Amino acid sequence: MYSIHHLFRKVLIIACPLCGMAARAGDLCEGCARDVLRIHQSGAWCLQCAVRVDQGRQRCNQCVHANPAYIQTITAMDYAYPGALLVRGLKERGRLAEAGLFARMLANTLATHPHALPALGALVPIPSSRASLQKRGFSPAAEIARALSAQLTVPLKPWLQRTREGGIQKALDFEARRQSVRGLYDCIRTVPPVWVGVVDDVLTSGSTMHEAALALKRAGALGAVALVAARTAWAPTLPETEM
Ligand SMILES: [Zn+2]
Ligand SMILES: [Zn+2]
């Protein structure tokens, strides 16, 4: 028996959120899906942080040197035109339907991903700063996590909290950025020994994701994987060397 919501999604043909062409309600049209989704694209990306790497490489230099506390990153798309418009639609224009779209995109990516994840016991959103919550009235990461929890039937657990306010200085280089967010999160309770999917909208340097994963492991989690709607290109600060 379909729920009303499910039934509407099955039969409603409305505009693709990117190009306005016909698409199944809330989803991208076939053309935009091909342009945006990594699962349709060739190329290689770092297993740990999902940055694009040269063909044949498993991990980027940064992950080899800095070894983030999360073992793997799943992302649906690159943070690049035109997919980045969807992220901006959610974050800047409050288009909450995009959170559901990202959750379906991530679930599809997971279903076709060549490296299986450990079974996840919880999905935990990265908490927004108080200032961005006040500005937007919602947390993009929490909205995506809630939709993804329903898609994957993995419980949503808002276990993380910020230990301090203050923005993250985006212009810093990797090492300075990592220092600036050190200890940014802790857990509101002891965490059971499960693998946790840490959810965010965009992964940039991975510094905040690293801190979130560290906090969850300190509180008892077995380990963490990153689940993010989009991955930015990240200019490596380390010299390119062959692995
Ligand atoms: Zn389209
Ligand atoms: Zn990496």
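Look up: the structure comes first, before these words.
Residues numbered from 1 in each chain as written. Chains lettered and ligands numbered in written order. Predicted model: local features only at pLDDT ≥ 70, side-chain atom pairs only at ≥ 80, totals over all residues.

1. Considering the overall build of the chain
- A tally of regular secondary structure across the chain gives 9 helices and 10 strands.
- In the chain, once contacts between residues fewer than 6 apart in sequence are set aside, the share between residues at least 24 apart is 73%. (Helix = DSSP H or I, 4+ residues; strand = E, 2+ residues; numbered from the N terminus. Contact = placed C-beta atoms within 7 Å.)

2. As for the sheet that holds strand E9 (residues 195-203)
- An order of E5-E10-E9-E6 is seen for the 4 strands of this open sheet, with the pairing classed as parallel. Looking at strand neighbours, the two that pair on one side only are strand E5 (73-78) and strand E6 (120-125), the edges of this open sheet. Between one strand axis and the next, the sheet turns by 20 degrees as a mean value, whatever way the strands run.
- Pairing analysis gives 5 bridges linking E6 to E9, with the strands arranged parallel. Opposite Val-124, over in E9, you have Val-198 as the bridge partner.
- Against the sheet, helix H5 (residues 97-112) touches E5 and strand E10 (223-231), its axis set at about 120 degrees to E5.
- On the sheet, helix H9 (residues 207-218) packs against E6, E9 and E10 and is oriented at approximately 160 degrees with respect to E9. (Pairing = 2+ DSSP bridges. Axes fitted to C-alpha atoms, helices over the stretch in contact; angles between N-to-C directions.)

3. Topic: H5
- Taking 1.5 Å per residue as the helical rise, H5 with its 16 residues ought to reach 22 Å, and the 23 Å between its terminal C-alpha atoms agrees with that figure.
- Within H5, burial applies to Glu-98, Ala-99, Leu-101, Phe-102, Ala-103, Met-105, Leu-106 and Leu-110.
- Where the residues of H5 are buried, they touch E5, helix H4 (83-93), helix H7 (140-152) and E10. (Expected span 1.5 Å × (residues − 1). Buried ≥ 20, exposed ≤ 12 C-beta atoms within 10 Å, placed from the backbone.)

4. Quick look at the nonpolar core
- One finds Ile-144, Val-198, Val-199 and Leu-216 to be the most contacted residues of the largest nonpolar core, which totals 62 residues.
- Both domains that furnish three or more residues to this core are identified here as domain 1 (1-36) and domain 2 (45-231). (Core = buried A, V, L, I, M, F, W, Y, C linked by C-beta atoms within 7 Å. Domains from an automatic or database assignment.)

5. Focus: the pairing of E9
- Burial analysis of E9 places 7 of its 9 residues in the buried class, which makes it a mostly covered element.
- As paired elements, E9 and E10 share 8 bridges and run parallel to each other. Directly across from Asp-200, in E10, lies its bridge partner Val-228.
- Handedness of the crossover is the feature at issue here: the chain leaves E9, passes through H9, returns alongside E10, and the resulting connection is right-handed. (Right-handed = clockwise from strand over helix to strand, strands pointing away.)

6. Focus on the environment of Ile-71
- Mapping Ile-71 onto the fold places it in the loop between helix H3 (61-66) and E5.
- Note on Ile-71: 17 C-beta atoms within 10 Å, which makes it partly exposed.
- The spacing of Ile-71 and Leu-47 is 24 residues in sequence and 8.1 Å in space, taken between C-alpha atoms.
- In this view, Ile-71 contacts Gln-48, Gly-223 and Val-225; residues no more than four positions away in its chain are not counted.

7. Things to note about unusual backbone geometry
- For the bond from Tyr-81 to Pro-82, the omega torsion is 0 degrees, close enough to zero to count as cis.
- Counting through the fold element by element, Pro-82 comes out in the loop between E5 and H4.
- Look at Ala-50: it is not a glycine, yet its phi comes out positive at around 70 degrees.
- Counting through the fold element by element, Ala-50 comes out in the loop between strand E3 (44-45) and strand E4 (52-53).
- Accessibility expressed as a C-beta count within 10 Å gives 24 for Ala-50, which makes it buried.
- Unlike most non-glycine residues, Asn-67 shows phi in positive territory, near 35 degrees.
- In this structure, Asn-67 sits in the loop between H3 and E5.

8. Re H9
- Between its first and last C-alpha, H9 extends 17 Å over 12 residues, near the 16 Å set by a 1.5 Å rise per residue.
- Buried residues dominate H9, accounting for 10 of its 12 residues.
- All buried positions along H9 are accounted for by Ser-207, Thr-208, Met-209, His-210, Glu-211, Ala-212, Ala-213, Leu-214, Ala-215 and Leu-216.
- In this structure, the buried side of H9 is in contact with E6, strand E7 (160-162), helix H8 (174-180), strand E8 (185-187), E9 and E10.
- Of the residues trailing H9, Gly-220 is marked for its positive phi of about 125 degrees.

9. Structural notes on the packing of H5 against H7
- With their axes 8 Å apart at the nearest point, H5 and H7 run at an angle of 45 degrees to one another. Between H5 and H7, the crossing angle belongs to the class labelled oblique. H7 is crossed by H5, and the crossing has right-handed handedness. Contacts between H5 and H7 involve Ala-99, Gly-100, Phe-102, Ala-103, Arg-104, Leu-106 and Ala-107 on the former and, on the latter, Glu-143, Ile-144, Ala-147, Leu-148, Gln-151 and Leu-152.
- Here the contact of H5 with H7 is built from residues that sort into 9 nonpolar, 2 polar and 2 charged. (Parallel < 35°, antiparallel > 145°, perpendicular 65-115°, else oblique. Left-handed = near helix turned anticlockwise from the far one by under 90°. Nonpolar A, V, L, I, M, F, W, Y, C, P; charged D, E, K, R; others polar.)

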